[in-house]
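# Architecture and fold: a report
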Amino acid sequence: MGKNEADVQWVSERTWEYRTRFTLSAARAKETYIDLIADGLDTLATLSLNGRVLGHSENMFTSGRFPAKHLLRQGRNELLIRFASATKYVRTHRLAHQPREINDPIGGATRIRKQQCQFGWDWGPRLVTAGIWRDLRLETWSSNRLVDVRLTQYHTRDGTVTLTLVPELDRADDSVRYEGIVSLNGQVIAQIKNQKCKIENPHLWWPHGHGAQSLYTVEIVAHDSADREIGRWARRIGLRTLELRREKDRWGESFAFVANGRPVFAKGASWIPAHSFVAGLTRDDHARDLRSAAQANMNMIRVWGGGVYESEYFYDLCDELGLMVWQDFMFACTLYPGDRAFQKLVQVEVTGQIRRLRHRACLALWCGNNELELLNGEALRIPAARRAYDALFRRILPATVAACDGVTSYWRSSPSQGNGRELADPERSGNAHFWDVWHARHPVERYLEKQFRFVAEFGMQSFSSPAVAATFCPPAEFNVFAPAMENHQKNPAGNQILLDYLARRYRFPKNYAALAYLSQLNQAYCMQVGVEHYRRSMPRTMGALYWQLNDCWPGASWSSIEFTGRWKPLHYVARRFFAPAIISALVIGREIVGIGNERHSTISGATLFTSSDLPTLTRGYIHWELHTLRGRRLDTGRKAVVMRPGESRQQLKLDFRREIVSHGRDSLYLRIALEIDEQSVSEDTILFTAPRFLELPRTHISTPLTLTTSHSAVIQFHSRSFQHRLWFDFGDLDFSANDNCFDLYPNRKRIVLVTFKQSVTQSDLIRRLKVRTITATY
């Protein structure tokens with residue numbers, strides 16, 4: 001189970017053949033042109049048709065079109081695709097290219113145009129595949145062919161949108177005529193005439209949380225001079241403007257996404273391939289995690305550059321869900337070759353991908369690469385390396401984006417400060433990847449010291465939940481330093497760093513289940529500190545994308561959704577810290593540990609803030625209550641607040657010096673809440689020391705459970721004392737809940753709705769239900 005990765009490394013050393021037989025009809029055989037289309041071949045492919053070589057491919061990210069008329073015959077045909085070993089290729093080709101390896105434990109991954117994380121990363125296995133990973137088909141025609149249509153939108157001040165469509169033919173022909181329609185929800189709302197269409201009173205497409213995701217269908221048909229149909233083109237589009245706005249301001253230069261004229265604080269996470277084997281992924285596989293992103297109030301997904309350009313399913317879902325896509329080109333971490341053959345491969349690749357995705361409503365940004373500038377500063381001072389880098393990311397990519405898209409912004413690298421500055425000062429301009437917390441082991445309060453313009457990466461690992469760990473390791477071997485567990489921890493110092501952060505906040509756990517739970521609480525806490533700070537920094541900071549949303553296999557990682565689809569505590573907490581309007585707090589003062597392991601504290605109270613992404617001015621109330629752990633209320637208050645769109649505001653400071661002196665910081669907690677229209681929309685608990693120093697009460701938690709349907713239930717949680725970050729699950733039974741990982745306050749019921757994929761019974765759920773609290777971990 002846990003060490004199978006090593007046992008299958010031989011697969012990448014072999015040559016693999018795929019063979020199929022098919023019948024070509026008489027009608028299709030008569031056509032003038034017959035092409036074999038291969039949407040995805042992974043990677044070093046030789047195609048043979050009826051025993052003769054048809055063509056070659058050596059880029060996983062390129063769709064190939066192979067003229068096949070001369071080798072086909074009416075009736076039975078045989079297609080053979082032979083895939084050479086990618087690992088052998090990188091050992092024998094471009095050997096002069098010797099960059100510093102960042103993630104590939106063997107080396108050479110950047111010498112081939114192939115999914116980079118297949119060669120190993122610090123969250124996933126080394127599983128180098130070979131095969132047909134996207135569709136194969138035959139296309140036939142006789143006169144001409146409609147290849148594509150380039151569509152642009154022009155939005156006027158009165159709200160009218162004009163669509164301009166520029167068809168692209170296989171061969172230029174001015175006699176070809178075009179007709180088409182635009183429809184919304186199945187109703188035709190406009191005709192396309194002279195390749196133009198005007199839409200009045202349009203339903204705009206908005207990022208999630210800012211409005212509806214209206215999608216129009218545009219259809220165009222081409223006829224030649226003999227009135228023969230030579231092609232159809234149909235796409236779903238969103239009517240919107242979406243730009244990366246960079247302009248001078250009082251802090252330097254902005255880095256903000258603007259949708260339909262409205263600045264949008266980007267809330268989201270990075271996306272990696274949803275499986276180590278991407279070939280079999282379906283719409284449902286993508287929908288599981290993308291819908292979870294939207295449910296957590298995210299509005300942006302960053303498609304990370306070490307994976308793949310995702311499937312049409314993926315972008316369809318992002319269009320539908322209002323998830324803006326930050327699209328990396330597929331280059332990550334390590335420097336790439338500079339020879340002309342490699343550049344030609346890249347040119348064909350990016351041309352095809354830009355043309356494929358340029359119409360997408362969700363497409364917000366083309367980004368050249370992930371971290372090449374961040375990780376290779378010294379190497380890029382070498383002239384040859386600099387020339388190779390500039391050829392790709394300063395010339396080929398931006399020129400191709402301009403030529404094939406012309407609307408979507410291009411950003412050279414993430415992180416970068418732009419305009420040749422590379423890694424200057426991300427608090428003044430550009431975007432940041434901030435890993436002082438985790439890799440550099442700084443305390444989580446380090447987040448509070450930086451006000452970046454946009455943060456595209458920051459993260460904290462956690463261990464797999466017991467149910468997920470059991471998919472690769474027998475429970476009897478649940479030890480994070482045992483071989484199976486170590487193999488599913490790909491960050492070299494990951495376990496040590498994780499345990500370091502855990503020890504700063506929690507007591508030593510008594511078993512693996514407690515360890516996993518605490519590691520996931522710590523992950524959620526760290527991300528909450530970071531995101532709330534970045535939201536308080538609006539409009540200076542205009543985006544927070546944590547690393548990472550999903551997993552490609554089970555194991556220790558930075559994800560908020562486990563490989564099986566289970567939400568970690570982070571994802572439930574993300575739904576709160578990414579909510580449209582939130583209340584947050586900064587503790588006044590700090591606590592440090594000094595000589596003799598003595599704690600020294602200057603903590604005296606808390607400052608309360610509100611942050612709002614709501615599109616209109618909103619009024620509400622903030623509430624606070626200071627309690628002792630024994631249940632005594634020491635202070636309470638309420639204040640009316642006004643929240644403007646895209647604004648974060650300090651609302652008040654609370655001074656608790658007297659209460660801290662009287663009762664001790666280890667015995668207090670502060671409950672804060674934001675109320676809008678008599679509904680609590682945001683709530684949190686503020687502690688004045690780490691939970692490991694609190695004497696949290698051990699008490700009975702009642703959990704009456706009522707089955708509401710064969711696939712859903714309601715649980716009422718109740719406790720006589722405060723319970724911090726209560727977590728519940730049903731063992732290995734998958735479920736979804738409208739809340740989890742919450743604080744349970746004394747004598748206040750928490751009602752949670754739980755749904756299940758499979759039919760359940762009340763008695764079975766009661767038997768399976770497990771509740772975890774911090775006091776039960778030691």
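Just above, that's the structure.
The sections below set out a description of the structure shown in this document. (Residues numbered from 1 in each chain as written. Predicted model: local features only at pLDDT ≥ 70, side-chain atom pairs only at ≥ 80, totals over all residues. Heavy atoms only, no water.)

## A short note on the overall build of the protein chain
Helix and strand content of the protein chain: 15 helices and 48 strands. A compact globule built from 778 residues should have a C-alpha radius of gyration of about 28 Å, and the protein chain, at 28 Å, falls within 12% of that. Across the 778 residues of the protein chain, 58% fall into the buried class. Counting only contacts in the protein chain whose residues sit at least 6 apart along the sequence, the fraction spanning at least 24 positions is 70%. Element-wise, carbon and sulfur atoms account for 49% of the exposed surface of the protein chain, whose accessible area totals about 32200 Å². In the protein chain, 102 side chains carry a positive charge and 81 a negative one; their mean positions are 1 Å apart. (Helix = DSSP H or I, 4+ residues; strand = E, 2+ residues; numbered from the N terminus. Rg over C-alpha atoms; globule rule 2.2 N^0.38 Å. Buried < 20%, exposed > 50% of the residue type's maximum accessible area, 1.4 Å probe, protein only. Contact = heavy atoms within 4.5 Å. Areas by Shrake-Rupley, 256 points an atom, 1.4 Å probe, with all protein chains shown as cover. Lys, Arg positive; Asp, Glu negative; His and termini not counted. Charge placed at Lys NZ, Arg CZ, Asp CG, Glu CD.)

## Overview of the packing of helix α6 (residues 340–357) against helix α8 (residues 383–404)
It is at 10 Å that the axes of α6 and α8 come closest, and there the two elements cross at 30°. Along this stretch, α6 crosses α8, giving a crossing that reads as right-handed. Note on element contacts: α8 touches α6 through Ala-391, Leu-392, Ile-396, Leu-397, Thr-400, Val-401 and Cys-404, opposite Phe-342, Gln-343, Val-346, Gln-347, Val-350, Thr-351, Ile-354 and Arg-355. A per-class count over the contact of α6 with α8 returns ten nonpolar, four polar and one charged. (Axes fitted to C-alpha atoms, helices over the stretch in contact; angles between N-to-C directions. Left-handed = near helix turned anticlockwise from the far one by under 90°. Nonpolar A, V, L, I, M, F, W, Y, C, P; charged D, E, K, R; others polar.)

## As for the nonpolar core
Counting 161 residues, the largest nonpolar core has Trp-326, Phe-329, Tyr-546, Phe-728 and Phe-730 as its most contacted members. Looking at this core, the element that brings in the most residues is helix α12 (residues 512–536), giving twelve residues. Apart from residues no more than four positions distant in its own chain, Tyr-546 is found in contact with Gly-268, Ala-269, Ser-270, Met-298, Phe-458, Met-527, Ser-560, Leu-570, His-571, Ala-574, Phe-577 and Phe-578. Grouped together as the second largest cluster of nonpolar side chains are 23 residues, Leu-184, Ile-199, Val-218 and Ile-230 included. (Core = buried A, V, L, I, M, F, W, Y, C linked by side-chain atoms within 4.5 Å.)

## Things to note about empty space enclosed by the protein
Inspection of every chain in the model, using the stated rule, returns seven cavities of 30 Å³ or more. The wall of the largest cavity is formed by 15 residues, among which Ser-465, Gln-520, Arg-566, Trp-727 and Asp-729 lie closest to the centre. Ranked by residue count, the leading element in the lining of the largest cavity is α12, at four residues. When the residues that make up the lining of the largest cavity are grouped by side-chain class, the tally is nine nonpolar, two polar and four charged. (1 Å grid on protein atoms, 1.4 Å probe; cavity = no way out; pocket = protein on both sides within 12 Å on 5 of 7 lines; lining within 4 Å. Points joined across faces, edges and corners; volume = space filled by probe spheres on them.)

## With respect to the sheet that holds strand β15 (residues 187–192)
The strand order across the open sheet formed by four strands is β15-β14-β17-β18, and the pairing between neighbours is antiparallel. If you trace the sheet from one side to the other, it starts and ends with β15 and β18 (229–237), each paired once. The sheet shows a mean angle of 20° between the axes of neighbouring strands, direction not considered. In this sheet, β18 lies alongside strand β17 (residues 216–223) in antiparallel orientation, the contact comprising eight bridges. Looking at β18, one finds that Thr-217 is bridged to Arg-236. (Pairing = 2+ DSSP bridges.)

## A few points about the packing of aromatic side chains
The final tally for this structure, using the stated rule, is 47 aromatic pairs. Taking 5.4 Å as the distance between ring centres and 85° as the angle between the ring planes, the aromatic pair formed by Phe-61 and Tyr-309 counts as edge-to-face. Taken together, the positions of Phe-61 in the loop between β5 (52–57) and β6 (64–67) and Tyr-309 in the loop between β25 (300–303) and α5 (312–321) put the pair 248 residues apart, joining distant regions of the chain. Here the aromatic rings of Tyr-447 and Phe-458 are separated by 5.8 Å at their centres, their planes lie at 75°, and the arrangement is edge-to-face. One end of the pair, Tyr-447, is in the loop between β29 (432–433) and β30 (455–457); the other, Phe-458, is in the loop between β30 and α9 (466–469), and eleven residues separate them in sequence. Phe-458 carries the same exposure label as Tyr-447, and that label is buried. (Phe/Tyr/Trp six-rings, centres within 6.5 Å; stacked < 30°, edge-to-face > 60°.)

## Remarks on helix α4 (residues 283–295)
End to end, α4 covers 17 Å across 13 residues, agreeing with the expected 18 Å (1.5 Å per residue, within 8%). Taken together, the buried positions of α4 are occupied by His-286, Ala-287, Asp-289, Leu-290, Ser-292, Ala-293 and Ala-294. Close packing links the buried residues of α4 with β24 (266–271), β25, α5 and α13 (569–577). Following α4 by one or two positions, Asn-297 adopts a phi angle in the positive range, close to 70°. (Expected span 1.5 Å × (residues − 1).)

## Examining the packing of helix α11 (residues 494–505) against α12
Between α11 and α12, the least distance of the axes is 10 Å, while the angle of their chain directions is 85°. Classified by the angle their axes make, α11 and α12 are roughly perpendicular. Here α11 contributes Leu-498, Leu-499, Tyr-501, Leu-502 and Arg-505 to the contact with α12, which in turn contributes Leu-515, Leu-518, Ser-519, Asn-522 and Tyr-525. When grouped by side-chain class, the residues that make up the contact of α11 with α12 number seven nonpolar, two polar and one charged. (Parallel < 35°, antiparallel > 145°, perpendicular 65-115°, else oblique.)

## Re α5
An α-helical turn contains 3.6 residues, so a residue and the one three or four places further along point in the same direction. The element α5 is extensively covered by neighbouring structure, given that seven of its ten residues are classed as buried. Considered for burial, the residues of α5 that qualify are Phe-314, Tyr-315, Asp-316, Leu-317, Cys-318, Asp-319 and Leu-321. Here the buried face of α5 lies against β18, β24, α4, β25, β26 (324–328) and α6. Gly-322 occupies a position one or two residues after α5 and carries a positive phi of about 75°.

## Points about the sheet that holds strand β36 (residues 618–628)
Strand order in the open sheet formed by four strands is β37-β36-β39-β40, with antiparallel pairing between adjacent strands. Strands at the two margins of the open sheet, each flanked by one partner only, are β37 (633–643) and β40 (679–687). Shown here is a sheet whose adjacent strand axes are inclined to one another by a mean of 15°, direction ignored. When β36 meets strand β39 (residues 668–676), the two strands line up antiparallel, connected through eight bridges. Opposite Glu-625, over in β39, you have Arg-671 as the bridge partner.

## Some thoughts on the environment of Ser-12
Turning to its location among the elements, Ser-12 is positioned in the loop between α1 (4–7) and β1 (16–24). The class for Ser-12 is buried, based on a relative accessible area of 7%. Taking the C-alpha atoms as reference, Ser-12 lies 53 Å from Lys-193; in sequence the two are 181 residues apart. Not counting residues up to four positions away in its chain, the partners in contact with Ser-12 are Ser-85, Ala-86, Thr-87 and Val-128.

## With respect to the environment of Ala-38
Mapped onto the secondary structure, Ala-38 falls in strand β2 (residues 33–38). In contact with Ala-38, not counting residues within four places along its chain, are Thr-62, Ser-63, Gly-64, Phe-66, Asp-135 and Leu-136.

## A look at the layout of surface pockets
The method is simple in principle: a probe with the dimensions of a water molecule rolls over the atoms, and the space it marks as empty is what remains. By volume, the largest pocket is sized at about 1600 Å³. Top element by residues in the lining of the largest pocket is α6. It accounts for seven residues. Its boundaries defined by the atoms lining it, the second largest pocket holds a volume of some 1300 Å³. Residue lining of the second largest pocket: 43 residues in total, with Val-444, Glu-445, Arg-505, Tyr-525 and Val-529 positioned closest to the centre.

## Some words on unusual backbone geometry
Here the amide bond leading from Asp-42 into Thr-43 is cis, since omega sits at -5°, within 30 degrees of zero. Relative to the assigned elements, Thr-43 resides in the loop between β3 (41–42) and β4 (45–49). Residue Ser-414 is joined to Pro-415 through a cis peptide bond whose omega torsion reads 5°. In this fold, Pro-415 is placed in the loop between β28 (409–411) and β29. Backbone geometry places Asn-260, a non-glycine residue, at a positive phi of 50°. Tracing the backbone through its elements, the reader meets Asn-260 in the loop between β22 (256–259) and β23 (262–264).

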